[in-house]
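# A closer look at the structure
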Amino acid sequence: MDTNSLNTIDFNSTLVADGKWFLACYASDVPMNGGACVKYEDEQIAIFNFSRRGEWFATQNLCPHKKQMALSRGMIGSSGEACEPKVACPFHKKTFSLITGECISGDECAIKTYPIKVEDGKVYIGVE
Amino acid sequence: MENSIKPVVVVIGNGMVGYKFCERLLAKSTGFNLIIFGEEPRRAYDRVHLSEYFSGKTAEDLSMSTAEWYAENNITLHLSDPVLEINRPNKTIHSQKGITINYDYLVLATGSSAFVPNIPGIEKEGVFVYRTIEDLEMMKTHAKKAKKGAVIGGGLLGLEAAKALLDLGLQETHVIEFAPRLMPRQIDSAGSMMLENKLKTFGLQIHLNKSTSSINGDKEINALQFSDDSKMDLDMLVISAGIRPRDELAKLAGLEVGSRGGIQVNEKLQTTDEDIFAIGECALHNGMIYGLVAPGYEMAEVVAANLCGGDKSFNGFDMSTKLKLIGVDVASFGDPFVTEPDGRTIVFEDTHKGIYKRINVTTDGKYLLGGILIGDADAYNILLQTVNNKIVLPPNPEDLILGSRGGEGNAGAGVMSLPDEALICSCEAVSKGTICCAVTEGGVTSVDGMKKCTKAGTGCGGCIPLVKDLIVGTMKENGVYVKNVVCEHFDYSRQELLSLVKIDGIKTYDEVLTKYGKGDGCEVCKPVVASILASLWNDLILKQDTIQDSNDRFLANIQKGGTYSVVPRIAGGEITPDKLIAIGTVGKKYNLYTKITGGQRIDLFGAHLSDLPDIWEELIDAGFESGHAYGKSLRTVKSCVGSTWCRFGLHDSVSFAIEVEDRYKGLRSPHKLKGGVSGCIRECAEAQSKDFGIIATEKGWNLYVCGNGGSKPQHAQLLATDIDKETCVKYLDRFLMFYVKTADPLTRTATWLNKMEGGLAYLKNVIINDSLGICEELEAAMVQHANTYQCEWKAAIENPEMRKRFSHFVNAPKVKDPTSELVPMRDQVKAKEW
């Protein structure tokens, strides 16, 4: 078990990187129908609590358009008949699918998505 | 390994066409093992827009994809590793770095190199070709010490290269062309003259009929010698005399090549070896080398489709082109050079504006054959369609370039009359039929949706105006009433939604969505509903923070780099020395950039998210409150100093401005609101450029409404004359509430009035004569607003749960975003360029 990576985080010693699942935060840390950003080693990961759908999503926090760490501060919603869940970057409203990471509103390249699960009020992100 | 059973496709050449081939193949099948070899050190980049590298774009900006893209799609990419040999009997290739790979199919996308004529002295330092980012980097280095440069070649690429020299800041840039005109393949001499005149105004010097006999200088170039015995001193030269297909590898492998270069291919783009294909500028099809990107993309599509079991053919390609050369529109389509007796020519020339248009029609005047457009190429798309689809011309074909002068021109009708086969997007080969079908059957209603559905408009983007017209035209044909709805989630306008929410007394976004909408909402309807809820109930917006736009969610304005700016309210622009000191102290402590705004207040930039509550705690302690600079709400009421100090002042404009600002502060509205109060007719507060403006008169105040600064300035209009303060506030209450309740989202008061049926007369009737009988209600709503106002920042810092939201990392609240960088500028800081 590698816990070294957590030394950069100055609080909450209960967080552990446990093999593939990284304990990111508590479910209550992420606002309903909104996002929050967590630090994993040098990565920034955006977590979305899509409570209206009862679903959670995780993506890279970087918006590929202007390379800004901002997606976690964006509004989430759905697109089209299929109700594809999406997030809109607060800077220029480029939207990305929360499932595939694909850019829905233009030609930006896709964003990375991560597996995510919530157990006992704790949010885990699948990392490599 | 699953890859071992997949057929191996090796692509030699990682340019635009090679990249497009991979993209197209992947879109159709993942059943191939794709391996790419590129000789350049970078991923495929946009060579068409190469000159933008000098006007600020980086190599990364020009890149066609990300490094991850290759990995995600399991493509093996070998950069800086040219393939040296193709062993056809063994079906292997060998690379410079010693890699040997067995291929099932081989795609040659080796492109072209610059054709360099054999002029004595061509090897000297300071002579460049214009082809790759490396060429550009070498030019950049050399240009630092160069003053005077020239380009040999006045074709399309040569003029692009000349643009690059201009961008590099050379004192003099010359273009030298052997032919008697510029762009000899695309335009005629009259068009060339017009283009020359235009280009001269940008600082280019153009020399035609000039052939270079030698390049002089010891080691480094210092002059050009011409065959007419003239000479030109210079210290930098770019050769752009045409392209030469890169066919050497194919030749070595025994594949057939043309006598003047190019790998011979059939209509399936197969070379003389059926498992080896050639696409793009290296391919010779039917005696033609295609030096444009669109035919290259079409070739990529044909090969990709056929590898996946399709049966597509490449049957030549229209070489019509439209581009912006150094800011001048240039277009050439169909056969630009037809003359009698093969056709007739109609020419329009305006030397004042620098416009030249030529169309060639059949002798019977029925069909368009081709033409040239310089200076104004707006008609290009429709003219090209008219040629390609053999559309019968109107009785006065000159209308095509002069516009209909009868006053009933309708651009949309022209587009809808195209046949279904008409190719609209030539980059992605999308026809009119496909686009209309996407509207009718796929329910597409926007250009974005069309891009997603058909890929039309995702290439060069030149067809987007046509695509837009087709979408609207088709919707109209289908009898679709284009309703003014909020977004895909609500079938109501903002005004309708506001009435519903009010009648039913709904307080949360989720309830609104469940009751009147569908789906899960989006970034368009969330802030609209948030604004409606705030206007109706004036509850704290942070109670529903995730439906707010980012600025409203964090009560500050997001800026480049992800930091925020902070604007405390300074009502009427009046501030005490102590408060100024308090702002200075906070600015210093948190390393903020400070600037006076246009609305007589002070903006503090560069605040980290996690510092915002601390900053506001200190500002509130010093007596400040939120300035709502982040909200669609009242910003400032600007004032001049008025009768308190000014010798011309008639009334106390500052006190009135403060009173009005305090009354309407925090009022959420469809768009931002600005006001102004001037103490006399000199109008120093510029009140007539505001949403509402009050100007002192001898007898009282004049009230102006619906003015605007910004991109479309508009003078405010006089609503009432010589009224007293109380009446002025009463009218303002009514006016602002009427606007809040009826305007569309993101519509300023000026636009709202412009769209209002009956205009100012109607508005006056509603506000002053209460023609709708709603004034009591409007006034009551404003009183409720004023009574329930609270400072959002005060509420936020006093509530630990709300305060917690102001951190970048939820699992490390004290850590700031390490990517938010500030750099020094004039004794302060600024955001790092993105």
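Per-chain numbering applies: the sequence of each chain, read as written, is numbered from 1 onward. Chains carry letters and ligands carry numbers; both start at the beginning, A for chains and 1 for ligands, and go up in the order they are written. Owing to the predicted nature of the model, reporting of local features is limited to residues with pLDDT of at least 70; listing and counting of side-chain atom pairs is limited to 80 or more, with chain, interface and lining totals taken over all residues.

### A short note on the pairing of strand E4 (residues 83-87) of chain B
Residues and elements named next belong to chain B. Under the convention used in this document: Two strands qualify as a pair provided DSSP detects at least 2 bridges between them. To qualify as a helix, a DSSP run of H or I must reach at least 4 residues; to qualify as a strand, a run of E must reach at least 2; elements of each kind are numbered from the N terminus.
Relative to strand E5 (residues 92-95), E4 is paired through four bridges, and the arrangement is antiparallel. What sits directly across from Val83, in E5, is Ser95. Counted along the chain from E4 to the antiparallel partner E5, the turn is four residues long, and its residue Lys91 has a positive phi close to 55°.

### Things to note about helix H21 (residues 653-664) of chain B
All names here are of chain B. Convention followed: Take the residue count of a helix, subtract one, and multiply by 1.5 Å to get its expected span. Partly exposed residues are those whose C-beta has more than 12 but fewer than 20 other C-beta atoms within 10 Å; with 20 or more the residue is buried, with 12 or fewer it is exposed, and the C-beta atoms are placed from the backbone. What the arc describes is the spread of directions from the helix axis to the C-beta atoms. In this description, any two residues whose backbone-derived C-beta atoms lie within 7 Å of each other are considered to be in contact.
Across its twelve residues, H21 extends 17 Å between first and last C-alpha, which sits within 8% of the 16 Å expected from 1.5 Å per residue. All buried positions along H21 are accounted for by Ser653, Val654, Phe656, Ala657, Val660, Glu661 and Tyr664. Down the axis of H21, the sector holding all buried residues measures 160°, keeping them to one side. Where the residues of H21 are buried, they touch strand E33 (634-639), strand E34 (673-678), strand E35 (692-696) and helix H22 (725-742). Trailing H21 by a residue or two, Gly666 shows a phi angle of about 80°, which is positive.

### As for the packing of helix H12 (residues 432-440) of chain B against helix H14 (residues 464-477) of chain B
Residue and element names in this part refer to chain B. Definition in use: Where helices are involved, their axes are fitted lines through C-alpha atoms of the stretch in contact, as for all axes, and angles between N-to-C directions lie from 0 to 180°. To sort the angles, those under 35 degrees are grouped as roughly parallel, those over 145 as roughly antiparallel, those from 65 to 115 as roughly perpendicular, and the leftovers as oblique. We call a crossing left-handed when the near helix sits turned anticlockwise from the far one by less than a right angle, and right-handed when that turn is clockwise.
The N-to-C vectors of H12 and H14 enclose an angle of 50°; their axes lie 9 Å apart at closest approach. Compared by their axis directions, H12 and H14 come out oblique. Considering only the axes of H12 and H14, their crossing is right-handed. Counting all contacts with H12, which are made through Lys432, Ile435, Cys436, Val439 and Thr440, the residues of H14 involved are Val467, Leu470, Ile471, Thr474 and Met475.

### Describing the interface of chain A and chain B
Rule in force here: Basically, the charged four are Asp, Glu, Lys and Arg, the nonpolar ten are Ala, Val, Leu, Ile, Met, Phe, Trp, Tyr, Cys and Pro, and anything else, Gly included, counts as polar.
Tallying the contact residues gives 41 residues for chain A and 30 residues for chain B. Elements that contribute at least two residues to the side of chain A that touches chain B include exactly strand E2 (21-26), strand E3 (34-40), strand E7 (68-69), strand E8 (75-79) and strand E9 (84-88) of chain A. Residues belonging to the side of chain A that touches chain B are distributed by class as follows: 21 nonpolar, ten polar and ten charged.

### A closer look at the sheet that holds E9 of chain A
Across a sheet, strands are paired by hydrogen bonds formed along the backbone, either parallel or antiparallel in direction. Residues and elements named next belong to chain A. A sheet is described by the order of its strands in space; here three strands give the open sequence E8-E9-E10, paired in antiparallel fashion. Whereas interior strands pair on both sides, the edge strands pair on one side only; in this sheet they are E8 and strand E10 (95-97). Going across the sheet, the axis of each strand differs from the next one's by a mean of 35°, ignoring polarity. Taken together, the three bridges between E9 and E10 define a ladder with antiparallel strand orientation. Paired with Lys86 across the bridge in E10 is Ser97.

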